[in-house]
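Remarks on the overall topology
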Amino acid sequence: MKVVKKFSSAKKGLISLFGRNKKKLKAIYDDLLLETIDHAAADWESAKQTQQAVREADSELIAQTELAGAKYEFLYLEARRRKVKGHVQASIIDH
């Protein structure tokens, strides 16, 4: 009888540990993912502007721009896969 009570109380602890906190952790990491996407978008935009400003873009500059775009695309697809609801960027509103 004592073993069953200990198991059921331990089971309740695990449920609260993995049930309620799971939603909080998802929200925290979703927010972190959105911030990372914002930074990646800004980095990509900066790389594109730098490439346009340079008269003769070398292969390294082109590769850096493509890498920044690939990082942004990867993070964006990850957010879509996780069904993260985001916020409207200020730069979109300004333009």
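Residues numbered from 1 in each chain as written. Predicted model: local features only at pLDDT ≥ 70, side-chain atom pairs only at ≥ 80, totals over all residues. Heavy atoms only, no water.

Quick notes on a nonpolar patch on the surface
- A cluster of nonpolar residues, Leu25, Ile28, Tyr29 and Leu32, forms a patch on the protein surface that exposes about 410 Å² of accessible area.
- Here Leu32 falls in the partly exposed class, since its relative accessible area comes to 45%. (Patch = residues over 30% accessible without salt bridge, like charges linked within 9 Å, V, L, I, M, F, W, Y side chains within 5 Å. Areas by Shrake-Rupley, 256 points an atom, 1.4 Å probe, with all protein chains shown as cover. Salt bridge = Lys/Arg side-chain N within 4 Å of Asp/Glu carboxyl O. Buried < 20%, exposed > 50% of the residue type's maximum accessible area, 1.4 Å probe, protein only.)

Some details on the confidence of the model for the protein chain
- Per-residue confidence for the protein chain gives a mean pLDDT of 80, with 69% of residues at or over 70.
- Averaged pLDDT values over the elements of the protein chain bottom out at 48 in helix α3 (residues 90-94) and peak at 95 in helix α2 (residues 59-81). (pLDDT = per-residue confidence, 0-100. Helix = DSSP H or I, 4+ residues; strand = E, 2+ residues; numbered from the N terminus.)

Concerning the nonpolar core
- Counting seven residues, the largest nonpolar core consists of Leu33, Leu34, Ile37, Ala40, Leu75, Ala79 and Val84.
- At the level of secondary structure, the elements contributing two or more residues to this core comprise α1 (2-53) and α2.
- Considering each element in turn, this core owes the most residues, four residues, to α1.
- Not counting chain neighbours up to four residues away, the residues in contact with Ala79 comprise Leu33, Ile37 and Val84. (Core = buried A, V, L, I, M, F, W, Y, C linked by side-chain atoms within 4.5 Å. Contact = heavy atoms within 4.5 Å.)

Comments concerning the pattern of salt bridges
- Tallied over the full model, the rule gives four salt bridges.
- Across the pair Asp30 and Arg82 runs a salt bridge, and its minimum N-O distance is 2.7 Å. Remark: Arg82 occurs in the loop between α2 and α3 and Asp30 occurs in helix α1; sequence separation between them is 52 residues.
- Assessed through its relative accessible area of 27%, Arg82 is described here as partly exposed.

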